[in-house]
Amino acid sequence: MTLPVLVIAGLTGSGKTLAIQQLEQLGYTGLEGIPPDQAVSLIEAMRPRHPALAVSLNLHIPEYREQFLAFDRWRQAQGIPFLFLEARPLVLLNRLSAHRRPHPYHPGVGLLEAIEQEVRDLAPVRERCTHLLDTSELDSQQLRQQLQALAHGIPQPLNLRLVSFGFKYGAPLDANLLFDVRFLPNPFFQPHLRHLTGQDPPLQAFLFADPVTQSTYRQIFSLVQAFWPHYRAERRPHLTVAIGCTGGQHRSVALVERLAQDLRPWAVPTDNPALPALNIQVQHRHLLDSQRELEARFGPPPPDAGVEQQQVRIPLAGFPAPPHD
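Residues numbered from 1 in each chain as written. Predicted model: local features only at pLDDT ≥ 70, side-chain atom pairs only at ≥ 80, totals over all residues. Heavy atoms only, no water.

## Notes on the overall build of the protein
Piece 1. On a plain count of helices and strands, the protein comes out with 11 helices and 9 strands.
Piece 2. Counting over 325 residues, the protein shows a buried share of 49%.
Piece 3. A sequence separation of at least 24 residues applies to 78% of the contacts in the protein between residues at least 6 apart. (Helix = DSSP H or I, 4+ residues; strand = E, 2+ residues; numbered from the N terminus. Buried < 20%, exposed > 50% of the residue type's maximum accessible area, 1.4 Å probe, protein only. Contact = heavy atoms within 4.5 Å.)

## Focus on the nonpolar core
Piece 1. Among the nonpolar cores identified, the biggest contains 33 residues, and Leu 162, Val 241, Leu 259 and Leu 263 are the most heavily contacted of them.
Piece 2. Counting only elements with at least two residues in this core, the list comes to β6 (158-166), β7 (177-180), α8 (201-208), α9 (211-233), β8 (238-245), α10 (251-263) and β9 (278-284).
Piece 3. Beyond its immediate chain neighbours, meaning those up to four positions away, Leu 263 contacts Leu 160, Leu 162, Phe 221, Val 224, Trp 228, Leu 278 and Ile 280. (Core = buried A, V, L, I, M, F, W, Y, C linked by side-chain atoms within 4.5 Å.)

## Thoughts on α8
Piece 1. For α8, the set of buried residues is Pro 201, Leu 203, Gln 204, Leu 207 and Phe 208. Here the buried residues of α8 occupy an arc of 160° about the axis, which is enough to place them on one side. (Arc of directions from axis to C-beta.)

## Some thoughts on the environment of Val 125
Piece 1. As for its position among the elements, Val 125 is in helix α6 (residues 123-126).
Piece 2. C-alpha separation for the pair Val 125 and Leu 69, spaced 56 residues apart in sequence, amounts to 8.3 Å.
Piece 3. Setting aside residues up to four positions removed in sequence, Val 125 forms contacts with Leu 59, Phe 68, Phe 82 and Phe 84.

## Overview of the packing of α8 against α10
Piece 1. α10 packs onto α8 with a crossing angle of 90° between their chain directions and a minimal axis gap of 10 Å. Looking at the two axes, α8 sits roughly perpendicular to α10. Where α8 approaches α10, its residues Leu 203, Gln 204, Leu 207 and Phe 208 are matched on the opposing element by Arg 251, Ala 254, Leu 255, Glu 257 and Arg 258.
Piece 2. Tallied by class, the residues present in the contact of α8 with α10 amount to 5 nonpolar, 1 polar and 3 charged. (Axes fitted to C-alpha atoms, helices over the stretch in contact; angles between N-to-C directions. Parallel < 35°, antiparallel > 145°, perpendicular 65-115°, else oblique. Nonpolar A, V, L, I, M, F, W, Y, C, P; charged D, E, K, R; others polar.)

## Observations regarding the sheet that holds β9
Piece 1. Taken in spatial order, the 4 strands make up an open sheet running β7-β8-β6-β9, and their pairing is parallel. The open sheet has two free edges, formed respectively by β7 and β9, since each of these has just one partner strand. Averaged over all pairs of adjacent strands, the angle between their axes in this sheet comes to 15°, without regard to strand direction.
Piece 2. In this sheet, β8 lies alongside β6 in parallel orientation, the contact comprising 8 bridges. From the neighbouring strand, Gly 166 faces β8, where its bridge partner is Cys 245.
Piece 3. Along the sheet, α9 contacts β6, β7, β8 and β9; its crossing angle with β8, the most-contacted strand, is approximately 160°. (Pairing = 2+ DSSP bridges.)

## Concerning the pattern of salt bridges
Piece 1. Counting across every chain of the model gives 11 salt bridges.
Piece 2. With its nearest N and O atoms 2.7 Å apart, the salt bridge here joins Arg 182 to Asp 180.
Piece 3. Salt bridges linked by common partners bring Asp 72, Arg 75 and Arg 128 together as one network. (Salt bridge = Lys/Arg side-chain N within 4 Å of Asp/Glu carboxyl O.)

## Some words on the sheet that holds strand β5 (residues 131-134)
Piece 1. Across the sheet, 5 strands lie side by side as β2-β3-β1-β4-β5; this open sheet has parallel pairing. Two strands bound the open sheet, and with one partner strand each, they are β2 (29-34) and β5. Neighbour-to-neighbour, the strand axes of this sheet turn through a mean angle of 20°, independent of strand direction.
Piece 2. Relative to strand β3 (residues 53-57), β2 is paired through 4 bridges, and the arrangement is parallel. Residue pairing across strands places Gly 30 opposite Ala 54, the latter belonging to β3.

What follows is the structure, encoded as structure tokens:
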């Protein structure tokens with residue numbers, strides 16, 4: 001059964017307009033940019049004639065944000081779900097720049113500063129949502145899948161972010177699980193591997209041929225595999241797993257790539273009508289920083305570095321086989 005009313009808010013550039021358009025294709029009547037003090041009367045007036053309403057709130061100015069608390073008390077009393085859309089600041093920056101969209105906070109400040117200020121201003125609103133959706137890695141079809149699941153009361157997939165990073169540049173502050181793999185064999189000291197990354201098959205083969213790497217990876221995979229279903233059962237929208245090495249180019253990248261590959265069976269392809277249990281997002285936070293630093297220190301990579309090769313997947317002894325669809 002479709003939810004009769006759904007309230008939406010979120011950051012500029014996070015996809016509120018697209019969400020309304022997708023919900024309209026699912027049979028909703030969409031209302032966009034509604035100030036909170038007008039939303040109650042609109043919803044009550046339209047409910048009798050429209051079986052499903054999707055209302056996107058306008059919270060761009062302080063007056064509207066001050067009105068939100070009274071509206072939210074009414075929403076909670078009515079049992080209406082509230083979806084908050086967000087995306088990472090750099091993703092929002094790229095979206096707004098690419099589409100040349102103005103930001104309501106932008107006049108007088110830089111665009112990134114405007115985005116960060118809106119994140120702070122809407123933090124109290126975000127805390128009151130019943131559903132939180134990060135659209136950073138979602139295309140329109142994936143967004144539609146998640147909205148359709150929400151509209152029909154189906155549990156949403158868990159947004160599993162797999163992040164590689166370099167400790168020399170700083171550890172991520174938003175990680176739920178963080179693993180330090182600086183004790184693994186370091187390809188930096190192999191001249192033929194130094195300019196490669198953890199995405200390159202020769203480097204992956206070097207790492208995963210090592211018994212300590214295999215044992216470490218098995219334990220990381222087992223922990224993530226054991227934990228993520230509980231995060232989803234608790235309706236946590238996100239689980240961020242961070243793996244760090246010294247520079248964020250070799251070891252951490254290779255383990256994150258392998259982890260994404262081995263968790264893929266739980267992420268149904270976008271053309272499958274079934275909703276996936278996981279929405280896997282991969283981020284190599286410091287890969288480009290490390291590559292620039294290496295090039296400045298040792299010169300450009302040789303012409304054959306990073307040549308496309310078939311993906312390497314070394315079997316791990318005692319490693320459980322992933323489920324088959």
